[in-house]
Amino acid sequence: VSSHHMSPVVTLLDGAMGTELQARGAAVPDYRSSIWSAMALLRDPDLVRQIHLDYIRAGADVIIANNYAVVPKLLARESMMDRFDGLTRTACRLAERARDDGGRSGVRVAGSLPPLDTTYRADLVGSEEELFETYLRIARILADEVDLAIAETLTTVREAVAAVRAAAQVGLPIWVSWNLRLDAPVLRGGETLTDAAAALAHLPVEGLMVN
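Residues numbered from 1 in each chain as written. Predicted model: local features only at pLDDT ≥ 70, side-chain atom pairs only at ≥ 80, totals over all residues. Heavy atoms only, no water.

*Asks:* I'd like a description of the overall build of the protein chain, backed by residues and values.
*Replies:* The secondary structure content of the protein chain amounts to eight helices and five strands. The linear arrangement of helices and strands in the protein chain, starting from the amino end, is α-α-α-β-α-α-β-α-β-α-β-α-β. Taking 211 residues into account, the globule formula puts the C-alpha radius of gyration at 17 Å, and the protein chain, at 17 Å, falls close to it. Overall size of the protein chain, expressed as C-alpha extent along the three principal axes, is 50 × 45 × 35 Å. For the protein chain, the residues scored as buried account for 49% of the 211 residues in total. For the protein chain, the share of sequence-separated contacts (at least 6 apart) that also reach a separation of at least 24 residues comes to 76%. Looking at the protein chain as shown, the accessible area adds up to about 10000 Å², and 50% of this sits on carbon and sulfur atoms. On the protein chain, the mean spot of the 21 positive side-chain charges and the mean spot of the 28 negative ones are 3 Å from each other. (Helix = DSSP H or I, 4+ residues; strand = E, 2+ residues; numbered from the N terminus. Rg over C-alpha atoms; globule rule 2.2 N^0.38 Å. Buried < 20%, exposed > 50% of the residue type's maximum accessible area, 1.4 Å probe, protein only. Contact = heavy atoms within 4.5 Å. Areas by Shrake-Rupley, 256 points an atom, 1.4 Å probe, with all protein chains shown as cover. Lys, Arg positive; Asp, Glu negative; His and termini not counted. Charge placed at Lys NZ, Arg CZ, Asp CG, Glu CD.)

Below is the structure:
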(Lines give C-alpha, C1' and ligand atoms only; values in the text may rest on other atoms or scores of the structure.)
Protein backbone atom coordinates (compact mmCIF):
# COMPACT_ATOMS: atom_id res chain seq x y z
CA VAL A 1 0.00 0.00 0.00
CA SER A 2 1.44 3.39 -0.89
CA SER A 3 2.03 5.57 2.12
CA HIS A 4 -0.47 8.29 1.16
CA HIS A 5 -3.29 5.73 1.17
CA MET A 6 -2.58 4.49 4.68
CA SER A 7 -5.02 5.42 7.42
CA PRO A 8 -3.66 7.66 10.15
CA VAL A 9 -3.12 5.93 13.47
CA VAL A 10 -5.40 7.41 16.11
CA THR A 11 -4.57 6.95 19.80
CA LEU A 12 -7.34 7.82 22.25
CA LEU A 13 -6.39 8.98 25.72
CA ASP A 14 -8.72 8.95 28.70
CA GLY A 15 -10.53 12.02 30.02
CA ALA A 16 -10.36 13.87 33.30
CA MET A 17 -10.07 12.00 36.60
CA GLY A 18 -10.63 14.80 39.13
CA THR A 19 -13.89 16.11 37.71
CA GLU A 20 -15.21 12.55 37.37
CA LEU A 21 -14.36 11.80 41.00
CA GLN A 22 -16.20 14.95 42.02
CA ALA A 23 -19.20 14.22 39.79
CA ARG A 24 -19.52 10.70 41.20
CA GLY A 25 -19.31 11.88 44.81
CA ALA A 26 -15.91 10.52 45.80
CA ALA A 27 -15.54 10.09 49.54
CA VAL A 28 -13.08 12.96 49.90
CA PRO A 29 -13.66 15.30 52.84
CA ASP A 30 -12.36 18.59 51.44
CA TYR A 31 -12.24 19.49 47.77
CA ARG A 32 -10.30 22.68 48.64
CA SER A 33 -7.33 20.57 49.67
CA SER A 34 -4.43 20.70 47.20
CA ILE A 35 -4.33 16.90 47.12
CA TRP A 36 -8.01 15.98 47.22
CA SER A 37 -7.72 13.85 44.06
CA ALA A 38 -4.85 11.95 45.68
CA MET A 39 -6.96 11.48 48.82
CA ALA A 40 -9.35 9.41 46.70
CA LEU A 41 -6.58 6.80 46.44
CA LEU A 42 -6.96 6.30 50.20
CA ARG A 43 -10.66 7.02 50.71
CA ASP A 44 -12.30 5.70 47.53
CA PRO A 45 -9.87 3.55 45.55
CA ASP A 46 -12.56 1.45 43.91
CA LEU A 47 -14.12 4.56 42.39
CA VAL A 48 -10.72 5.51 40.92
CA ARG A 49 -10.45 2.02 39.42
CA GLN A 50 -14.01 2.21 38.08
CA ILE A 51 -13.38 5.53 36.32
CA HIS A 52 -10.29 4.07 34.64
CA LEU A 53 -12.36 1.05 33.61
CA ASP A 54 -15.14 3.21 32.18
CA TYR A 55 -12.61 5.11 30.05
CA ILE A 56 -11.20 1.81 28.75
CA ARG A 57 -14.70 0.62 27.90
CA ALA A 58 -15.34 3.94 26.14
CA GLY A 59 -12.34 3.26 23.89
CA ALA A 60 -9.29 4.77 25.59
CA ASP A 61 -6.01 3.27 24.39
CA VAL A 62 -4.01 4.99 27.16
CA ILE A 63 -5.17 5.64 30.72
CA ILE A 64 -3.25 7.92 33.07
CA ALA A 65 -2.73 6.86 36.67
CA ASN A 66 -4.23 9.15 39.32
CA ASN A 67 -0.88 10.39 40.69
CA TYR A 68 -1.20 13.98 39.42
CA ALA A 69 -1.43 15.44 42.94
CA VAL A 70 0.99 12.96 44.53
CA VAL A 71 3.96 15.32 44.61
CA PRO A 72 6.19 16.21 47.59
CA LYS A 73 5.28 19.90 47.96
CA LEU A 74 1.54 19.26 47.98
CA LEU A 75 1.83 16.23 50.27
CA ALA A 76 4.02 18.21 52.68
CA ARG A 77 1.30 20.86 53.01
CA GLU A 78 -1.03 18.14 54.28
CA SER A 79 1.63 16.46 56.50
CA MET A 80 1.53 13.39 54.23
CA MET A 81 5.08 13.23 52.86
CA ASP A 82 5.46 9.69 54.20
CA ARG A 83 2.72 8.60 51.77
CA PHE A 84 4.55 9.70 48.60
CA ASP A 85 5.92 6.31 47.56
CA GLY A 86 2.88 4.29 48.57
CA LEU A 87 0.30 6.61 46.97
CA THR A 88 2.25 6.71 43.71
CA ARG A 89 2.30 2.91 43.58
CA THR A 90 -1.38 2.70 44.54
CA ALA A 91 -2.33 5.05 41.71
CA CYS A 92 -0.43 2.94 39.20
CA ARG A 93 -1.83 -0.36 40.47
CA LEU A 94 -5.45 0.83 40.38
CA ALA A 95 -4.93 1.75 36.73
CA GLU A 96 -3.30 -1.63 36.07
CA ARG A 97 -6.20 -3.47 37.69
CA ALA A 98 -8.64 -1.55 35.51
CA ARG A 99 -6.63 -2.48 32.43
CA ASP A 100 -6.67 -6.13 33.47
CA ASP A 101 -10.43 -5.97 34.00
CA GLY A 102 -11.09 -4.03 30.80
CA GLY A 103 -11.02 -6.99 28.45
CA ARG A 104 -9.19 -5.14 25.67
CA SER A 105 -5.66 -5.86 24.53
CA GLY A 106 -3.13 -3.15 23.88
CA VAL A 107 -4.32 -0.65 26.50
CA ARG A 108 -1.35 1.14 28.05
CA VAL A 109 -1.01 2.69 31.49
CA ALA A 110 0.79 6.01 31.77
CA GLY A 111 2.10 7.59 34.94
CA SER A 112 1.89 11.35 35.42
CA LEU A 113 4.84 13.73 35.76
CA PRO A 114 2.77 16.76 36.75
CA PRO A 115 3.44 20.35 37.85
CA LEU A 116 5.30 20.10 41.17
CA ASP A 117 3.49 23.03 42.78
CA THR A 118 0.08 24.65 42.19
CA THR A 119 -1.28 23.91 38.69
CA TYR A 120 -1.15 26.75 36.09
CA ARG A 121 1.29 28.79 38.22
CA ALA A 122 4.36 29.21 36.02
CA ASP A 123 5.69 31.68 38.61
CA LEU A 124 6.00 28.85 41.16
CA VAL A 125 8.09 26.56 38.94
CA GLY A 126 11.51 25.85 40.46
CA SER A 127 14.93 25.58 38.85
CA GLU A 128 15.59 22.83 36.32
CA GLU A 129 17.84 20.92 38.73
CA GLU A 130 15.28 21.11 41.55
CA LEU A 131 12.59 19.90 39.16
CA PHE A 132 14.84 17.12 37.85
CA GLU A 133 15.53 15.73 41.33
CA THR A 134 11.82 15.48 42.15
CA TYR A 135 10.82 14.15 38.75
CA LEU A 136 13.52 11.50 39.11
CA ARG A 137 12.01 10.39 42.44
CA ILE A 138 8.62 9.99 40.75
CA ALA A 139 10.04 8.42 37.58
CA ARG A 140 11.97 5.78 39.55
CA ILE A 141 8.67 4.54 41.00
CA LEU A 142 6.77 4.82 37.72
CA ALA A 143 9.44 2.85 35.87
CA ASP A 144 8.54 -0.26 37.91
CA GLU A 145 4.82 0.16 37.37
CA VAL A 146 3.74 1.73 34.05
CA ASP A 147 4.28 1.57 30.29
CA LEU A 148 5.11 5.24 29.78
CA ALA A 149 5.06 8.64 31.48
CA ILE A 150 3.13 11.74 30.47
CA ALA A 151 4.54 15.06 31.66
CA GLU A 152 1.26 16.97 31.61
CA THR A 153 -0.18 20.44 32.10
CA LEU A 154 3.29 21.98 32.08
CA THR A 155 3.61 25.76 31.87
CA THR A 156 7.36 26.13 31.19
CA VAL A 157 10.06 24.68 28.98
CA ARG A 158 12.32 23.78 31.91
CA GLU A 159 9.69 21.52 33.51
CA ALA A 160 9.58 19.51 30.30
CA VAL A 161 13.35 19.30 29.97
CA ALA A 162 13.68 18.17 33.60
CA ALA A 163 10.88 15.60 33.28
CA VAL A 164 12.27 14.14 30.06
CA ARG A 165 15.79 13.94 31.52
CA ALA A 166 14.40 12.10 34.55
CA ALA A 167 12.37 9.64 32.46
CA ALA A 168 15.34 9.00 30.18
CA GLN A 169 17.55 8.21 33.17
CA VAL A 170 15.23 5.36 34.22
CA GLY A 171 14.45 4.21 30.66
CA LEU A 172 10.80 5.28 30.70
CA PRO A 173 9.18 6.40 27.41
CA ILE A 174 7.70 9.89 27.79
CA TRP A 175 5.15 12.18 26.15
CA VAL A 176 5.08 15.90 27.00
CA SER A 177 1.93 18.00 27.17
CA TRP A 178 2.03 21.76 27.72
CA ASN A 179 -0.77 24.01 28.91
CA LEU A 180 -1.31 27.15 26.85
CA ARG A 181 -2.58 30.61 27.72
CA LEU A 182 -6.21 31.13 26.77
CA ASP A 183 -5.53 34.42 24.97
CA ALA A 184 -2.41 33.49 22.98
CA PRO A 185 -0.79 30.33 21.49
CA VAL A 186 2.07 30.34 24.01
CA LEU A 187 2.85 28.39 27.16
CA ARG A 188 1.40 29.91 30.32
CA GLY A 189 4.96 30.87 31.24
CA GLY A 190 5.18 32.93 28.04
CA GLU A 191 7.45 30.72 25.93
CA THR A 192 6.50 29.71 22.39
CA LEU A 193 5.75 26.15 21.35
CA THR A 194 8.52 26.45 18.76
CA ASP A 195 11.06 27.20 21.49
CA ALA A 196 9.57 24.49 23.70
CA ALA A 197 9.87 21.84 21.00
CA ALA A 198 13.39 22.97 20.12
CA ALA A 199 14.49 22.60 23.76
CA LEU A 200 13.52 18.91 23.62
CA ALA A 201 14.91 18.17 20.16
CA HIS A 202 18.03 16.44 21.54
CA LEU A 203 16.10 14.43 24.13
CA PRO A 204 14.19 11.12 23.72
CA VAL A 205 10.56 12.30 23.62
CA GLU A 206 7.93 10.12 21.94
CA GLY A 207 5.19 12.74 21.64
CA LEU A 208 4.53 16.46 22.04
CA MET A 209 1.03 17.60 22.96
CA VAL A 210 -0.98 20.48 24.39
CA ASN A 211 -3.78 20.17 26.90
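Let us keep going from here.
*Asks:* With reference to specific residues and values, describe unusual backbone geometry.
*Replies:* The phi dihedral of Tyr120 is positive, around 75 degrees, even though this residue is not glycine. Summarising the element assignment, Tyr120 is placed in the loop between β2 (108-113) and α6 (128-145). With a relative accessible area of 47%, Tyr120 lands in the partly exposed category. At Thr153, a position not held by glycine, the phi torsion is positive, near 60 degrees. On the secondary structure map, Thr153 appears in strand β3 (residues 148-154). Take Thr153: its relative accessible area is 7%, and that puts it in the buried class.

Just geometry here; none of it tells us what the structure is for.
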